[in-house]
Amino acid sequence: MTISLHTWSGADKVALMALCNAVDRTFLSDRLPYPYTEADADWWLGMVTENEGKEGVWRSIWADGNLVGSISVERRDGDEHSMGELGYMILTPWWSKGIGTEAVRQMCRMACEELGVELISATVFVGNRSSERVLEKNGFRLEETKAGTVVKDGKSMVVRRFVLV
Ligand SMILES: CC(C)(COP(=O)(O)OP(=O)(O)OC[C@H]1O[C@@H](n2cnc3c(N)ncnc32)[C@H](O)[C@@H]1OP(=O)(O)O)[C@@H](O)C(=O)NCCC(=O)NCCS
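Not measured: the values here are computed from a predicted model.

Draft legend 1. Here's a closer look at the overall build of the protein chain. Secondary structure summary: the protein chain contains 4 helices and 7 strands in total. Put simply, the protein chain runs from its N terminus to its C terminus through helices and strands in the order β-α-α-β-β-β-α-β-α-β-β. With the principal axes as the frame, the protein chain shows a C-alpha extent of 40 × 35 × 35 Å. Sorting the 165 residues of the protein chain into buried and exposed places 44% on the buried side. Approximately 8,700 Å² of the protein chain is accessible, and the part contributed by carbon and sulfur atoms is 52%. The positive charge centre, built from 19 side chains, and the negative charge centre, built from 24, are 6 Å apart in the protein chain.

Draft legend 2. Quick look at the environment of Pro35. Tracing the backbone through its elements, the reader meets Pro35 in the loop between α1 (13-22) and α2 (38-51). Taking C-alpha positions, Pro35 is 8.2 Å from Cys20, a pair spaced 15 residues apart along the chain. Beyond its immediate chain neighbours, meaning those up to four positions away, Pro35 contacts Asn21 and Asp40.

Draft legend 3. Geometry of unusual backbone geometry. A cis amide bond, omega -5°, links Tyr34 with the succeeding residue Pro35. For Ser96, which is not glycine, the phi torsion reads 60° and is therefore positive. Mapped onto the elements, Ser96 comes out in the loop between β4 (83-90) and α3 (99-115). Here the phi dihedral of Asp153 falls at roughly 50°; this positive angle occurs in a residue that is not glycine. Residue placement: Asp153 occurs in the loop between β6 (141-152) and β7 (155-164). Of the residues examined, Asp153 reaches a relative accessible area of 59% and is grouped as exposed.

Draft legend 4. Quick look at the sheet that holds β6. Taken in spatial order, the 7 strands of this open sheet run β1-β2-β3-β4-β5-β7-β6, and their pairing is mixed. Sheet topology places β1 (3-7) and β6 at the edges, where each strand pairs with a single neighbour. Going across the sheet, the axis of each strand differs from the next one's by a mean of 30°, ignoring polarity. Helix-sheet contacts for α1 involve β3 (66-75) and β4, and the interaxial angle to β3 is about 85°. Sitting on the sheet, α3 touches β1, β2 (56-63), β3, β4, β5 (119-125) and β7, and the angle it makes with β2 is about 150°.

Draft legend 5. Summary view of the site of the ligand. As a matter of local geometry, the ligand sits amid 21 residues, with Ile90, Ser96, Gly100, Thr101 and Lys137 nearest to it. In isolation the ligand exposes 970 Å². Once the protein is present, 72% of that is buried. Looking at the shell around the ligand, the elements that each hand over two or more residues are β4, α3 and α4 (129-137). Residue composition of the shell around the ligand, by class: 8 nonpolar, 8 polar and 5 charged.

Criteria and cut-off values
The residue numbering used here restarts from 1 in each chain and proceeds along that chain's sequence as written. It should be noted that, the model being predicted, local features are given only for residues of pLDDT at least 70 and side-chain atom pairs only at 80 or more, the latter also being counted only at that level, while totals for whole chains, interfaces and linings use all residues. Side-chain measures here rest on the full set of heavy atoms in the structure, leaving out hydrogens and waters. Secondary structure elements are defined from DSSP: runs of H or I of at least 4 residues count as helices, runs of E of at least 2 residues count as strands, and each element is numbered from the N terminus. Relative accessible area decides the class of each residue, using a 1.4 Å probe on protein chains only: under 20% of the type maximum gives buried, over 50% gives exposed, and in between gives partly exposed. Reported accessibility uses the Shrake-Rupley method at a 1.4 Å probe radius. Residues are deemed covered only where the shown protein chains occlude them. The sign given to each residue is positive for Lys and Arg and negative for Asp and Glu; His and the chain ends receive no count. By convention, the charge on Lys lies at NZ, on Arg at CZ, on Asp at CG and on Glu at CD. We call two residues in contact whenever any of their non-hydrogen atoms come within 4.5 Å of each other. The rule for pairing is simple: two strands pair if DSSP sees at least two bridges between them. To get an axis, fit a line to the C-alpha atoms, keeping to the stretch in contact for a helix; angles then go from 0 to 180 degrees between the N-to-C directions. Near residues are defined by distance, with any heavy atom within 4 Å of the molecule or strand qualifying the residue. When residues are grouped by polarity, Ala, Val, Leu, Ile, Met, Phe, Trp, Tyr, Cys and Pro land in nonpolar, Asp, Glu, Lys and Arg in charged, and all others, Gly among them, in polar.

Rendered as structure tokens:
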């Protein structure tokens, strides 16, 4: 299987909406709107174009010619500006084929080169074992388990923070 990351463009709007409306949200925070509207896609694609290479690196994930997911590293705020936060999602029919692992591998290298971040972290809900495996297979290590920083369905969640130094 060929797995590659591509920059986002306006031509991806329909695929972006389809991805964000279909993705399994069990372990995603309230940050991703639902339903995901054309206005959400327009805003997000504009934000990505404006900030690409400066405040973050955002890519679509392609497998054998299909847009199957999204992945990014965004710069953290304030004192943590030299650190990046990794996030990713893949459509359910494409799970457990190694796509997440390969996308994270490519994205971490890209984020170090293009953003110059010194450390990449990822925040995972307790129970999201497949996401933890993707991180572990890329050399991330569990740093801490904490509550109170991420909200889902209006409730504060317990999360695990992984770090790749
Ligand atoms: C997390 C996610 C990106 C994983 O992508 P993927 O392409 O399936 O990942 P991979 O195939 O590269 O690896 C998955 C690993 O998890 C394992 N796995 C899958 N389901 C599992 C489960 N229920 N329990 C334990 N391990 C599981 C697989 O066996 C594989 O590990 P292995 O190679 O050691 O066998 C994908 O499930 C997803 O998009 N989920 C919804 C959004 C999400 O949770 N994003 C992450 C937020 S932190």
